[in-house]
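Chain by chain, the residues:
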Amino acid sequence: MGGKGPLPRNGHPARFAGEDRRYRLLRLIKQDGLGTLWEGEDSFLQCPVAVRLLSRSVVPNRQVIRELRKRLDDLHRRLDHPTIAYVYGYSDSEGPEQFGVMEPLSGETLAQRIRRSGALEPAKALSLAAEIADGLQAAHSIGHTHGGLTGESVVLQRDGSVKIIDFGVAPVTGSNAQGKADSPSSSEPTSREGGPTADVHQLTVLLRQMLGNNDRHNATLDLNGAARHSAIELASTLRRAAAEAATRRAEEIRKAREVASEAEEVARETEVRRAEIARDAEDAARRAQEARRAEEAARAEHARRAEEATRAEEARKASVARGKDASEGAEEAVRRAQEARRAEEA
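Residues numbered from 1 in each chain as written. Predicted model: local features only at pLDDT ≥ 70, side-chain atom pairs only at ≥ 80, totals over all residues. Heavy atoms only, no water.

### Structural notes on helix 5 (residues 196-210)
- Between its first and last C-alpha, helix 5 extends 21 Å over 15 residues, near the 21 Å set by a 1.5 Å rise per residue.
- By the criterion of burial, helix 5 is predominantly enclosed, with 12 of the 15 residues buried.
- Phi turns positive one or two residues past the end of helix 5, at Gly 212, with a value near 75°. (Helix = DSSP H or I, 4+ residues; strand = E, 2+ residues; numbered from the N terminus. Expected span 1.5 Å × (residues − 1). Buried < 20%, exposed > 50% of the residue type's maximum accessible area, 1.4 Å probe, protein only.)

Structure (structure tokens):
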């Protein structure tokens, strides 16, 4: 692969790699202790690629460059696993600015995912760790180790697949994507052995990070003990644990759905009861209104009858008064007639 490419600099990233500008750099996936990782394009073959540009501090001299190229060449010829990013080639130049060309990569690194979203679901974390363990085992079977496995050396593709990058870089350069190989925190158990054992140990450290450094998961999985196993044994253990975690998660979801269903049923019954109470209240209000109207009508009728009775009593009294006046008039007429007859007789 032709030539060296200039390293991107902060605020002014390079857009091509290779002296012949064959590889166009399209999107920066990450920048870390080893250099930069780009989504790119092979302008000669017109196909997508990933380009790993190594910083000068990682490859300080020709001896390191030659050893690294030897390892990459052997990996290119002998290692082909779906979990490991396939290396198409690397720069031919022995200059300090080195790059490797890999199969297309997209998405984000596992470290970026954890920083963005926090701990993964246990089943997802265990399944992902099992896939990584499969890739490590494939490399171990041909005598290679990663030597610097961290969340920055695992790429989560947009299509859901997983790719391990930077195989063989740490054993040669003494650096990983975080700047220094095999550097867990002081609270984590360390592995003093190199080779496959160190890779398995680094994977258990990474799994703790995926699980949010939860002591309960650590005790359940016995990660300290798992670190002493081979990658293939660890993969088997992780898959069993992932299946169990998925079963537990499915049971939790089922129970949660049952609780939600019961809550919905209670809510429906409550709503029906509220509707019934509302209807009863409306009926009571209607009956009360009818009763008030009937009471008002009765009062009006009572007042009307009382008024009629008053008028009738007044009419009776007037009639009595008129009868009395008529009787007195008749008596006066009889008296006058008698007086007239007496006067006539006299």
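Alright, that's what it looks like, and here's the rest.
### Digging into the sheet that holds strand 3 (residues 35-42)
- Reading across from one edge, 1-2-3-4-6-5 is the order of the six strands in this open sheet, with antiparallel pairing throughout. The open sheet has two free edges, formed respectively by strand 1 (16-17) and strand 5 (87-90), since each of these has just one partner strand.
- Across three bridges, strand 5 lies against strand 6 (residues 98-102) in antiparallel orientation. Directly across from Gly 89, in strand 6, lies its bridge partner Val 101.
- Running at roughly 150° to strand 5, helix 1 (residues 62-78) makes contact with strand 4 (47-54), strand 5 and strand 6 of the sheet. (Pairing = 2+ DSSP bridges. Contact = heavy atoms within 4.5 Å. Axes fitted to C-alpha atoms, helices over the stretch in contact; angles between N-to-C directions.)

### As for the packing of helix 3 (residues 122-140) against helix 8 (residues 231-345)
- Following both chains from N to C, one finds helix 3 and helix 8 inclined at 165°, their axes separated by 8 Å at the closest point. With respect to their mutual orientation, helix 3 and helix 8 come out roughly antiparallel. Crossing handedness for the pair helix 3 and helix 8: left-handed. Within the contact between the two elements, helix 3 uses Pro 122, Ala 123, Leu 126, Ser 127, Ala 129, Ala 130, Glu 131, Ala 133, Asp 134, Leu 136, Gln 137 and His 140 and helix 8 uses Ala 231, Ile 232, Ala 235, Leu 238, Arg 239, Ala 241, Ala 242, Ala 245 and Ala 246. (Parallel < 35°, antiparallel > 145°, perpendicular 65-115°, else oblique. Left-handed = near helix turned anticlockwise from the far one by under 90°.)

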